[in-house]
Amino acid sequence: MNVSATSQDVHARRAELVRGLLALLPAESVLHEPEDLRPYECDGLSAYRQLPMVVALPRTVEQVQAVMRLCHRLEVPVVARGAGTGLSGGALPRADGLLLSLARLKSILAVDPVARTARVQPGVRNLAISEAARPFGLYYAPDPSSQIACTIGGNVAENSGGVHCLKYGLTVHNVLKLEVVTMEGERLTLGADALDAPGYDLLALMTGSEGLLGVVVEVTVRLLPLPERAQVLLAAYDDVAQAGAAVGAIIAAGILPAGLEMMDNPAIRAAEDFVYAGYPVEAAAILLCELDGTNAEVSEQVMRVRELLIASGAREVRTARDEAERQLFWKGRKAAFPAVGRISPDYYCMDGTIPRRRLPEVLSRIAALSQEYGLPVANVFHAGDGNLHPLILYDANRPGELERTEELGRRILELCIEVGGTITGEHGVGVEKLAGMCAQFGAAQLAQFHAVKAAFDPAGLLNPGKAVPTLHRCAEFGAMHVHGGNLKFPELPRF
């Protein structure tokens, strides 16, 4: 009787929500049949899947506001979604909630070459901003590996980085202003067109908030002049630890590369077979170091970095012959994730950050953990700022292998905390790293996070259950003490 009543309640709730949405949006903008909902059941973390109750696809900011007011009135949870390229389950829908897709808000509203800014809607692809700015000799610096598909709204939600974040910063360093819609449907302006704005820095607070505080409907980004010259060096190593040590040597020499990336042998082989970038497939690891600026300074730095790479043990150092080869080197790095997907039925992409000086040690310990669990790990990461992306290869069709993979991932995150790092650099917490949040933060800190959430969303309807665990959830994980808990991942619908 209770099950039947619950089923009837859910059906009535869905019907009421659909009726309300159809009064606000065209019929083609409201999806509620199971076959129409299926494409929205997960983001890039496909191990966790859940059909949303309803999907709404507004085309205007006013429609977004109207939808939010409706959901607030009906007390329906809302999960905002961009392109769905996120890797932490941040856009995982709820069975009792609305999935709000911002994919149709995809206009570049203005490019101001004098102020060096662009105003864009959240559904604009990351790469499209640079394409629009290029005729003015400008570009948008943050460049996630998924930049051909990921959207700026999602980049803001996750504070995304990219291969050039070492020199030019993450999303938070390249956004000047946001237009945000609250759960109640109110439109807020955070930040300013100038370099600073009065009052609390709510712009930085919103950036990286993973959809828990508001829905971004417009972004003003900072554009940079295209450098006069950019040059990439590729260094091959027979020892992974030597490659890790070389990263610290370059930074210690006072050189700040535009990008400094590292790949180990499994990642090198996968990328080379996929892209044919010219990588040395026998190398234990490679470093890609890009230097940009004026022609004179790049020439000087290339020679200095070459000396440092050879002194650090590189068996081969190559400089890209021309722009085409430079782009090819980066194409291999940015295609590493899908390339690894070709050599394994499944892979689990981790994201942690460590102090650069601990790179050699951490890489060695990840290799030991890989052997302990009997699961291959391919390492691809932003070496310059210590942002690791270990890719754990597994087969979800083998009983228990996903659970073992998650446990290995948890051990890697614990390792990051142990050496003075953090559980995420740019992929966010989502549902994937809730246990890690319990390990990294104490009760008082988590309570403050929830206080911030309550200030923006008192009803707790925006992306509930993500990013910041409750103390009750941490007690379930058994991990309120740093380094000491038996962490478990949340029980979520899995594929």
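Above: the structure in question.
All of the points below concern the structure found in this document. The shown structure was predicted, so the numbers you read here are calculated from the model rather than taken from an experiment.

## Regarding the side chain of histidine 382
Topologically, histidine 382 is positioned in the loop between strand 18 (377–381) and strand 19 (387–388). Residue class for histidine 382 comes out buried when judged on its relative accessible area of 3%. Sequence-distant contacts of histidine 382, defined by excluding residues within four places in its chain, comprise Gly162, Val163, Leu260, Glu261, Arg333, Asn387, His389 and Glu426.

## Side note on the environment of serine 209
Along the polypeptide, serine 209 turns up in the loop between helix 7 (202–206) and strand 10 (215–222). Residues serine 209 and glycine 428, 219 residues apart in the sequence, show an inter-C-alpha distance of 8.7 Å.

## Overview of the sheet that holds strand 20 (residues 390–394)
Taken together, seven strands build an open sheet; the order of strands is 15-12-14-13-18-20-16 and the sheet is antiparallel. In this open sheet, the two edge strands, each paired with only one partner strand, are strand 15 (316–319) and strand 16 (346–349). Here the average twist between neighbouring strands, direction ignored, is 20 degrees. Bridge analysis of strand 16 against strand 20 gives four bridges, and the strand direction is antiparallel. Each residue of the ladder has a partner; that of tyrosine 347, found in strand 20, is leucine 393. On the sheet, helix 8 (residues 240–252) packs against strand 12 (229–237), strand 13 (259–264) and strand 14 (285–293) and is oriented at approximately 20 degrees with respect to strand 14. Contacts from helix 11 (residues 323–334) reach strand 12, strand 13, strand 14, strand 15 and strand 18, with the element oriented near 55 degrees to strand 12.

## Considerations on the pattern of salt bridges
Under the defined criterion, the tally for this structure stands at 29 salt bridges. Glutamate 261 is the partner of arginine 333 in a salt bridge, and the nearest nitrogen-oxygen pair spans 2.8 Å. Of this pair, arginine 333 sits in helix 11 while glutamate 261 is found in strand 13, placing the two residues 72 residues apart along the sequence. An identical accessibility class is assigned to arginine 333 and glutamate 261; each is buried. By sharing partners, the salt bridges in this structure join Arg119, Glu179, Arg187 and Glu218 into a single network.

## Let's talk about helix 11
Because each turn of an α-helix spans 3.6 residues, side chains separated by three or four positions end up pointing in the same direction. For helix 11, which comprises 12 residues, the first-to-last C-alpha distance of 16 Å matches the rise-based estimate of 16 Å (1.5 Å per residue) to within 8%. For helix 11, every residue scored as buried is listed here: Glu325, Arg326, Phe329, Trp330, Gly332, Arg333 and Lys334. Regarding helix 11, its N-cap is aspartate 322, as a side-chain oxygen of that residue lies 3.3 Å from the backbone nitrogen of alanine 324 further along.

## Re the sheet that holds strand 4 (residues 98–101)
In spatial order, the strands read 1-2-4-3; together these four strands make up an open sheet with mixed pairing. The open sheet is flanked by strand 1 (30–31) and strand 3 (78–81), the only strands paired with a single partner. Here three bridges tie strand 2 (residues 54–56) to strand 4, and the two strands are oriented parallel to one another. Paired with alanine 56 across the strands is leucine 100, a residue of strand 4. Each of strand 3 and strand 4 is contacted by helix 3 (residues 61–74), which is oriented at about 170 degrees to strand 4, the strand it contacts most.

## Some words on the state of the cysteines
Summed over the entire model, instances satisfying the criterion amount to one disulfide. Put simply, cysteine 438 and cysteine 474 are joined by a disulfide, and their sulfur atoms are 2.0 Å apart. On the S-S bond that ties cysteine 438 to cysteine 474, the torsion sits near -85 degrees, and the link is left-handed. With a gap of 36 residues between them, cysteine 438 in helix 15 (residues 434–440) and cysteine 474 in helix 17 (residues 471–477) connect regions that are remote in the sequence. With no disulfide of its own, cysteine 349 lies 12 Å from the sulfur of cysteine 416, the closest cysteine sulfur.

## Comments concerning the pairing of strand 8 (residues 175–181)
For strand 8, the buried fraction is high: seven of the seven residues fall into the buried class. As judged from the six bridges shared by strand 8 and strand 10, these two strands associate in the antiparallel manner. Across the sheet, the residue bridging to glutamate 179 is glutamate 218, located in strand 10. Note that strand 8 and strand 9 (residues 187–191) share five bridges and pair antiparallel. Note on strand 9: the bridge partner recorded for leucine 178 is leucine 190. The antiparallel pairing of strand 8 with strand 9 creates a hairpin that spans five residues between the two strands, and glycine 185 there sits at a positive phi of about 90 degrees.

Conventions and cut-offs
- Residues numbered from 1 in each chain as written.
- Predicted model: local features only at pLDDT ≥ 70, side-chain atom pairs only at ≥ 80, totals over all residues.
- Heavy atoms only, no water.
- Helix = DSSP H or I, 4+ residues; strand = E, 2+ residues; numbered from the N terminus.
- Buried < 20%, exposed > 50% of the residue type's maximum accessible area, 1.4 Å probe, protein only.
- Contact = heavy atoms within 4.5 Å.
- Pairing = 2+ DSSP bridges.
- Axes fitted to C-alpha atoms, helices over the stretch in contact; angles between N-to-C directions.
- Salt bridge = Lys/Arg side-chain N within 4 Å of Asp/Glu carboxyl O.
- Expected span 1.5 Å × (residues − 1).
- Polar contact = N/O pair within 3.5 Å; in protein donor to acceptor, adjacent residues only side chain to side chain.
- Disulfide = S-S within 2.5 Å.

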